[in-house]
Structure formats: C-alpha cells, structure tokens
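Chain residues, written in single-letter form:
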Amino acid sequence: ADGVIALSQGVAGEIRDLVPKLSEQIEVIPNVGLPLPAQLAVAEELPACKPHAEGDLTLLACGRLTKQKDYPTLFRALAGIDDDVPLRLDMLGDGELRGELEELAQELGLKDRVRFLGFQRDPYSHMKRADIFVLSSRWEGFGNVLVEAMAMGTPVISTDCPHGPAEIIRDGETGLLVPPG
C-alpha cells in the first residue's frame, strides 16, 4: 500500500503492530461525523419522543444492540442505583441482542427505567434533550456518537475502551471516562 488511513491513534497502533512495514505510511484522520446545520436546526425544532416523567434524569445510549456495546454492564450499573433516584435510560438502536436485553432489563427490575426506542433516523433531537449520553462499549474504532452528543451540548460518560473515547474526551474536563466492564 502507498498509504493507510486509520480513524484513531489506537487503530493506527494496531495496524503498526500487525504490519510494521506500513508504520511510516499510516495517517490518522478521525472519522468525525458532526451534525450538519440542517440536522442541528431540526433537533432544535422537533421534540424528541415523549419524555419520561417530569424531573427524571434522562440518560441516552445509541448504537447497535450487540456484544460490542456491552449494554448488560450498563443495565447492571443502573440496577445498582437506588429506585428513589429519578433516572431513566433511552436506548436508540436495534440488533440481534434486543430480545435478550429486554429480558435482562425485566430481570433486573429496570422495565420502567429503560425504553427501547429502536433505530431513529434523527438521533440528534434525542441527544439534545438527554441529560447525559452514555457509551458502554467494550471497544470502538473511534466513537462518533460521543462527538455527536458533545456537538449537541450533551454531557458524556464513556468507557475508556480501545480505541476512540480517550482520544475524544479529556477525563473530568470534557466528559467522564470509566473502565470498561
């Protein structure tokens, strides 16, 4: 190859480890998908789905319902928070684990605290109205949803998983990073 483009420093490091001969030909170009001005305008104008009860703190997770996103750990963390705390989680996305995750939410007593909203063509209105965006992934290539949520002005909490979150978030300054799992 004449050159290789990696979407994060972490991915570039993995390529260097796998193919050392390419080390000098790797460039990092983050795959940042910021919302377009028209998308921002729509997010401002349109209400997100019906909100939870007044006063509830709304968390938002957005992504495929797969092993990579580690939603079971997120659910267990939520289950550990006292029921008196008015906290809700909206889930955007679909995937092969939806049924299992719905069952787990039920088993953990989270049925009334977690809403599965499926794929949403416009996630930005949800991001704009969330109190906190959460990313519970075991790994990421970059983590575009973090950049998108931050662009909407929503505080973010993410696992410090390989590779992107620590390249996006300055822990304690622009968001919070927590250990995966």
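Just so it is clear, the structure is predicted and the values come from calculations on it, not from any experiment. (Residues numbered from 1 in each chain as written. Predicted model: local features only at pLDDT ≥ 70, side-chain atom pairs only at ≥ 80, totals over all residues. Heavy atoms only, no water.)

### As for the pattern of salt bridges
Logical step 1: Under the criterion given, the structure shown has eight salt bridges.
Logical step 2: It is possible to trace a salt-bridge network through shared partners that takes in Asp94, Arg98 and Glu102. (Salt bridge = Lys/Arg side-chain N within 4 Å of Asp/Glu carboxyl O.)

### Points about the packing of aromatic side chains
Logical step 1: Tallying each qualifying case throughout the model produces one aromatic pair.
Logical step 2: With a centroid separation of 6.1 Å and an interplanar angle of 75 degrees, the aromatic rings of phenylalanine 75 and phenylalanine 116 are classed as edge-to-face. Of this pair, phenylalanine 75 sits in helix α3 (residues 71-79) while phenylalanine 116 sits in strand β5 (residues 114-116), and the two are 41 residues apart along the sequence.
Logical step 3: Given the relative accessible area of 0%, phenylalanine 75 is considered buried. (Phe/Tyr/Trp six-rings, centres within 6.5 Å; stacked < 30°, edge-to-face > 60°. Helix = DSSP H or I, 4+ residues; strand = E, 2+ residues; numbered from the N terminus. Buried < 20%, exposed > 50% of the residue type's maximum accessible area, 1.4 Å probe, protein only.)

### Things to note about the environment of phenylalanine 116
Logical step 1: Residue phenylalanine 116 is classed as buried on the basis of its relative accessible area of 17%.
Logical step 2: A C-alpha to C-alpha distance of 8.7 Å links phenylalanine 116 and leucine 89, two positions 27 residues apart in sequence.
Logical step 3: Sequence-distant contacts of phenylalanine 116, defined by excluding residues within four places in its chain, comprise Leu65, Phe75, Met91, Arg98, Leu101, Glu102 and Ala105. (Contact = heavy atoms within 4.5 Å.)

### What about the side chain of serine 8?
Logical step 1: Looking at the secondary structure, you find serine 8 in the loop between β1 (4-6) and α1 (9-18).
Logical step 2: With a relative accessible area of 0%, serine 8 lands in the buried category.

### Notes on helix α4 (residues 98-107)
Logical step 1: Among the residues making up α4, those that are buried are Leu101, Leu104 and Ala105. The arc enclosing the buried residues of α4, seen along the axis, measures out at 100 degrees, which places them on a common side. Within α4, the exposed residues directed more than 90 degrees away from the buried face are Glu100, Glu103 and Glu107.
Logical step 2: Where α4 is buried, its residues contact α3 and β5.
Logical step 3: Residue glycine 109 follows α4 closely and has a positive phi angle near 75 degrees. (Arc of directions from axis to C-beta.)

### Describing the sheet that holds strand β8 (residues 176-178)
Logical step 1: Across the sheet, six strands lie side by side as β5-β4-β3-β6-β7-β8; this open sheet has parallel pairing. Single-partner strands in this sheet number two, and they are β5 and β8. Averaged over all neighbouring strand pairs, the angle between strand axes comes to 20 degrees, with direction disregarded.
Logical step 2: Here strand β6 (residues 132-135) runs beside strand β7 (residues 156-159); their pairing, made up of three bridges, is parallel. In the sheet register, valine 134 faces β7, and the bridge partner there is isoleucine 157.
Logical step 3: Its contacts with the sheet put α3 on β3 (57-62), β4 (87-92), β5 and β6, and the angle it makes with β4 is roughly 165 degrees.
Logical step 4: Along the sheet, helix α6 (residues 144-151) contacts β3, β6 and β7; its crossing angle with β6, the most-contacted strand, is approximately 175 degrees. (Pairing = 2+ DSSP bridges. Axes fitted to C-alpha atoms, helices over the stretch in contact; angles between N-to-C directions.)

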